[in-house]
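# Architecture and fold: a report
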Amino acid sequence: MRVPLVDLSAQYRSIRRQMNEAVLEVLDGGSYILGDRLEQLEHAIAQGCGVRQGVGVGSGTDALQLALLACGVGPGDEVITVANTAVPTVCGILATGADVALVDIDPSTFTLDPQSLAAYLEAAERPERIKAVVPVHLYGHPADMEPIQELAREHGLWIVEDVAQAQGAGYRGRPVGSFGDAGCLSFYPTKNLGAYGDAGMVVTSDDGVAETLRRLRNYGEASKNRNVIRGFNSRLDEIQAAVLMVKLDRLEGWNQRRREIARLYGELLADSSVEIPRDAPDVHHVYHLYVVRTARRDDLQRYLAAAGIGSAVHYPLPIHHQEAYSHLGFPPEAFPHSVRAAREVLSLPLYPELSEDAVHYVCEAIRGFC
Ligand SMILES: *Cc1c(COP(=O)(O)O)cnc(C)c1O
């Protein structure tokens, strides 16, 4: 048996007819950029995230950059995020011209540790520079938003949520993306809602932020040929909007399926020597990734590969160990929970079309290894 980490073509096969029709309709229609389909999609996704507005942009990275810019973040400012995240979180922050500061994660959820944030804010030498915090709902598990909101209020920070891995997730009964001033979605093909190319969106209930975003993404135009701010070209095209509309109807079912597969993994691995992921109380986890941890991670990954099982490490280096970010000046031993996670985590195959037989096969292999 061969079990890949993800299989995007299996999903396409399951929706092929409807998808092909939807894409061909766009080609026939003659409107390819900033059309009706994007508006429908923005409306539907904003509603799903429990906010007033959605603004489609070119990618999740662009969503972070433009959302922070729309909140007024720029050169000379500082934005805080976690050391254990996907590199694009940091790319989006730095693209605004602001500096990035890092804090550690809570090792039980792999998301921003409010105590680490509090300690950083407490000790900051120039607190007036700190403008925003970017909590990341990593692997589909929501960050602990309530204490983060409290700290942000206390210190006057904007909150821009990185929702790239967690569309459909919830925290204390509310969807992620609705806790901050803005939430940033990615429709990178492997995400829970994936386009057939690059796309992203910012969701927000702040009409001013949304208006600025609509200008930023389209050369800074307030209306045709009236350019009121310096802008960019970062748009979500009609073909990707049509693709995402077809898939959006199925997102909840797919997320449910991810949760069922995660539950099965949890049962089958309960008494193995790998540590399985656990949901914090009162969260709705959407399992973008099923991440186990073990001190023998590299051996386990090789063992699984030999059994025909795909796996991956998200992420092998914390941000401050990446060559590109060594200039940030953090010592290698900083953020110990992030450093340890990078050595121990392993993502197992997980996608809605994965069969239960395949999950049993993966778990037998893991138990064999243990
Ligand atoms: C995928 C991802 C992004 C970036 O999304 P792109 O659409 O690839 O630009 C940002 N943050 C996190 C946590 C991600 O997983």
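Above: the structure in question.
Reference entry: report on the structure contained in this document. Since we're looking at a predicted model, the values are computed, not measured.

When its secondary structure is counted, the chain shows 11 helices and 16 strands. Across its three principal directions, the C-alpha atoms of the chain cover 65 × 60 × 35 Å. By residue count, 54% of the 370 residues in the chain fall in the buried class. Long-range contacts, defined here as pairs at least 24 residues apart, represent 71% of the contacts in the chain between residues at least 6 apart. Working note: accessible area of the chain is about 15900 Å², and carbon and sulfur atoms make up 48% of it. Between the averaged position of the 34 positive side-chain charges in the chain and that of its 48 negative side-chain charges there is a distance of 4 Å.

A separate point is the side chain of His288. With respect to the helices and strands, His288 occurs in the loop between strand S14 (283–284) and strand S15 (290–293). Sequence-distant contacts of His288, defined by excluding residues within four places in its chain, comprise Tyr139, Gly140, Gln165, Thr190, Lys191, Asn192 and Arg258.

Further remarks concern the site of the ligand. Surveying the vicinity of the ligand reveals 13 residues, the closest of which are Gly60, Thr61, Asp162, Ser186 and Lys191. One of the backbone nitrogen or oxygen atoms of Gly60 is found 2.8 Å away from an oxygen atom of the ligand. Taken by itself the ligand offers 390 Å² of open surface, and the protein chains cover 91% of this. The pocket occupied by the ligand, as judged from atoms lying within 2 Å of grid points, is the largest pocket. Among the elements of the structure, helix H3 (60–70) and helix H4 (87–94) are those that each provide at least two residues to the shell around the ligand. A per-class count over the shell around the ligand returns five nonpolar, six polar and two charged.

A word on the layout of surface pockets. Within this model, the largest pocket holds a volume of roughly 620 Å³. Taken together, 40 residues form the lining of the largest pocket, with Gln165, Tyr188, Thr190, Lys191 and His288 sitting closest to its centre. Per-element accounting of the lining of the largest pocket gives the leading share, three residues, to H3. The calculated volume of the second largest pocket comes to roughly 430 Å³. As for the second largest pocket, its lining consists of 19 residues, of which Gly48, Gln167, Gly168, Leu251 and Glu252 are closest to the centre. Elements that contribute at least two residues to the lining of the second largest pocket include exactly helix H2 (36–48), strand S9 (174–175) and helix H8 (238–268). Here the lining of the second largest pocket takes six residues from H8, the largest share from any one element. Residues belonging to the lining of the second largest pocket are distributed by class as follows: eight nonpolar, eight polar and three charged.

On to the pattern of salt bridges, then. In the structure shown here, the tally under the stated rule is 17 salt bridges. With a closest N to O distance of 3.2 Å, Glu42 and Arg214 form a salt bridge. With Glu42 in helix H2 and Arg214 in helix H7 (residues 207–216), the pair connects residues that are 172 residues apart, well separated along the chain. Across the salt bridge formed by Arg367 and Asp271, the nearest N and O atoms sit 3.1 Å from each other. Remark: Asp271 occurs in the loop between H8 and S14 and Arg367 occurs in helix H11 (residues 356–369); sequence separation between them is 96 residues. With a relative accessible area of 41%, Arg367 lands in the partly exposed category. The network of salt bridges with common partners includes Glu42, Arg214 and Arg217.

A separate point is the packing of helix H5 (residues 114–123) against helix H6 (residues 145–155). In contact at an axis separation of 9 Å, H5 and H6 are set at 15° when each is read in the N-to-C sense. For the element pair H5 / H6, the angle class is roughly parallel. Where H5 crosses over H6, the handedness of that crossing is left-handed. Between H5 and H6, the residues in contact are Pro114, Leu117, Ala118 and Leu121 and Pro147, Ile148, Leu151 and His155, respectively. A class-by-class count of the residues in the contact of H5 with H6 yields seven nonpolar, one polar and no charged.

The strand order S9-S8-S14 describes an open sheet built from three strands, whose pairing is antiparallel. Looking at the sheet topology across the chains shown, the edges are occupied by S9 and S14.

On the surface, a cluster of nonpolar side chains totalling about 440 Å² of accessible area is made up of Leu24, Leu27, Tyr32, Ile33 and Leu34. Tracing the sequence through the fold places Tyr32 in the loop between helix H1 (8–29) and H2.

Here the focus is the nonpolar core. The tendency in soluble globular proteins is for nonpolar side chains to be buried side by side. Judged by nonpolar contacts, the single largest core of 58 residues is most densely connected at Tyr265, Leu269, Tyr290 and Leu348. For this core, the leading source of residues is H11, giving seven residues. Look past the residues within four positions of Tyr265 in its chain and what remains in contact with it is Tyr290, Leu348, Pro349, Leu354, Val359, Val362 and Cys363. Counting residues in hydrophobic clusters, the runner-up holds 31 residues, among them Val55, Val73, Ile319 and Ala334.

Rules and cut-offs
- Residues numbered from 1 in each chain as written.
- Predicted model: local features only at pLDDT ≥ 70, side-chain atom pairs only at ≥ 80, totals over all residues.
- Heavy atoms only, no water.
- Helix = DSSP H or I, 4+ residues; strand = E, 2+ residues; numbered from the N terminus.
- Buried < 20%, exposed > 50% of the residue type's maximum accessible area, 1.4 Å probe, protein only.
- Contact = heavy atoms within 4.5 Å.
- Areas by Shrake-Rupley, 256 points an atom, 1.4 Å probe, with all protein chains shown as cover.
- Lys, Arg positive; Asp, Glu negative; His and termini not counted.
- Charge placed at Lys NZ, Arg CZ, Asp CG, Glu CD.
- Near = heavy atom within 4 Å.
- Polar contact = N/O pair within 3.5 Å; in protein donor to acceptor, adjacent residues only side chain to side chain.
- 1 Å grid on protein atoms, 1.4 Å probe; cavity = no way out; pocket = protein on both sides within 12 Å on 5 of 7 lines; lining within 4 Å.
- Sits in = over half its atoms within 2 Å of the grid points.
- Nonpolar A, V, L, I, M, F, W, Y, C, P; charged D, E, K, R; others polar.
- Points joined across faces, edges and corners; volume = space filled by probe spheres on them.
- Salt bridge = Lys/Arg side-chain N within 4 Å of Asp/Glu carboxyl O.
- Axes fitted to C-alpha atoms, helices over the stretch in contact; angles between N-to-C directions.
- Parallel < 35°, antiparallel > 145°, perpendicular 65-115°, else oblique.
- Left-handed = near helix turned anticlockwise from the far one by under 90°.
- Pairing = 2+ DSSP bridges.
- Patch = residues over 30% accessible without salt bridge, like charges linked within 9 Å, V, L, I, M, F, W, Y side chains within 5 Å.
- Core = buried A, V, L, I, M, F, W, Y, C linked by side-chain atoms within 4.5 Å.

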